[in-house]
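Commentary on secondary and tertiary structure
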Amino acid sequence: MKPLCLALFLIFGLGASAEAYRRKGYLPTCDHGPVIAKIQQKFSYANNNTFAWGVGIEAVSDIRETPEIVHNTSLIGRRYCRGVAWLSDGRSSEVVYLIESKQGFASLGYRVQSCLPAFDPWHVYGSWCRSIKP
């Protein structure tokens, strides 16, 4: 009886989430550790190879998800996030980032695009990072 109940739970209880995963792919939460690490790594790369600001991101706090304004029917899952980046010199700056599923190597995994508006002099993501906001 227990194997039958377990099988029914797996089929009916997890069916919707399994379908969502197949359709949209894996999409971590905004406060997921590897996501924050990718933001720090990207900022460090820009600092070391381009701008030489002499600061790094020590931590990200006040993390929250920003809901999409338009209903997204794409097969690529998107999660819009924002928070406060605490820099190594003691200052803080807003950080906005976008997590997209199925955007890793060979469409596996996820990609993180991040922007600190005060540290985007070339407006790579538009004025004040508008292109990665919902």
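Cut-off values and rules
- Residues numbered from 1 in each chain as written.
- Predicted model: local features only at pLDDT ≥ 70, side-chain atom pairs only at ≥ 80, totals over all residues.
- Heavy atoms only, no water.
- Core = buried A, V, L, I, M, F, W, Y, C linked by side-chain atoms within 4.5 Å.
- Buried < 20%, exposed > 50% of the residue type's maximum accessible area, 1.4 Å probe, protein only.
- Helix = DSSP H or I, 4+ residues; strand = E, 2+ residues; numbered from the N terminus.
- Contact = heavy atoms within 4.5 Å.
- 1 Å grid on protein atoms, 1.4 Å probe; cavity = no way out; pocket = protein on both sides within 12 Å on 5 of 7 lines; lining within 4 Å.
- Points joined across faces, edges and corners; volume = space filled by probe spheres on them.
- Nonpolar A, V, L, I, M, F, W, Y, C, P; charged D, E, K, R; others polar.
- Pairing = 2+ DSSP bridges.
- Axes fitted to C-alpha atoms, helices over the stretch in contact; angles between N-to-C directions.
- Disulfide = S-S within 2.5 Å.
- Expected span 1.5 Å × (residues − 1).
- Arc of directions from axis to C-beta.

Quick look at the nonpolar core
Side chains that are nonpolar tend, in soluble globular proteins, to be buried together. One finds Ile39, Ile57, Tyr97 and Leu116 to be the most contacted residues of the largest nonpolar core, which totals 18 residues. Looking at this core, the elements that each hand over two or more residues are helix 3 (33-51), strand 1 (57-66), strand 2 (78-87), strand 3 (92-101) and strand 4 (110-115). Sequence-distant contacts of isoleucine 39, defined by excluding residues within four places in its chain, comprise Ile57, Val95, Tyr97, Val112 and Ser114. Counting seven residues, the second largest nonpolar core, distinct from the first, contains Tyr80, Val96, Cys115 and Tyr125.

A word on the layout of surface pockets
Empty space within the largest pocket amounts to approximately 260 Å³. Along the wall of the largest pocket there are 15 residues; nearest its centre are Lys42, Ala46, Ser114, Phe119 and Asp120. Top element by residues in the lining of the largest pocket is helix 3. It accounts for five residues. Counted by class, the lining of the largest pocket contains twelve nonpolar, one polar and two charged residues.

Section: the environment of tyrosine 26
Its location among the elements puts tyrosine 26 in the loop between helix 2 (15-24) and helix 3. C-alpha separation for the pair tyrosine 26 and serine 101, spaced 75 residues apart in sequence, amounts to 5.8 Å.

Describing the sheet that holds strand 1
A sheet is described by the order of its strands in space; here four strands give the open sequence 1-2-3-4, paired in antiparallel fashion. The open sheet terminates on both sides in strands that have one partner only, identified here as strand 1 and strand 4. Pairs of neighbouring strands in the sheet enclose a mean axial angle of 30°, with direction left out of account. Contacts from helix 3 reach strand 1, strand 3 and strand 4, with the element oriented near 50° to strand 4.

Concerning unusual backbone geometry
At aspartate 62, a position not held by glycine, the phi torsion is positive, near 50°. In this fold, aspartate 62 is placed in strand 1. Given the relative accessible area of 54%, aspartate 62 is considered exposed.

Examining the state of the cysteines
Per the counting criterion, the structure on display carries two disulfides. Each sulfur in the disulfide pair cysteine 30 and cysteine 81 lies 2.0 Å from the other. Disulfide cysteine 30-cysteine 81: torsion about the S-S bond near -70°, hence left-handed. A residue pair is termed long-range when its members are at least 10 positions apart, and cysteine 30 in the loop between helix 2 and helix 3 and cysteine 81 in strand 2 qualify at 51 residues. Here cysteine 30 matches cysteine 81 in class, with each residue buried.

A closer look at the pairing of strand 4
Most of strand 4 sits inside the fold, with five of its six residues counted as buried. Sheet analysis places strand 3 next to strand 4, joined by six bridges and oriented antiparallel. In the strand pairing of strand 4, isoleucine 99 is matched with valine 112.

As for helix 3
Working note: α-helix, 3.6 residues per turn, so residues spaced by three or four point in the same direction. In this model helix 3 runs 26 Å from its N-terminal to its C-terminal C-alpha over 19 residues, within 8% of the 27 Å that 1.5 Å per residue would give. Turning to helix 3, its buried residues number three or more, namely Val35, Ile36, Ile39, Phe43, Ala46 and Asn47. For helix 3, the buried positions fall inside an angular range of 115° around the axis, keeping them on one side. Counted as exposed and oriented over 90 degrees from the buried face of helix 3: Gln41, Tyr45 and Asn48. Here the buried face of helix 3 lies against strand 1, strand 3 and strand 4. Note on helix 3: the residue one or two positions beyond its end, alanine 52, has a positive phi of about 55°.

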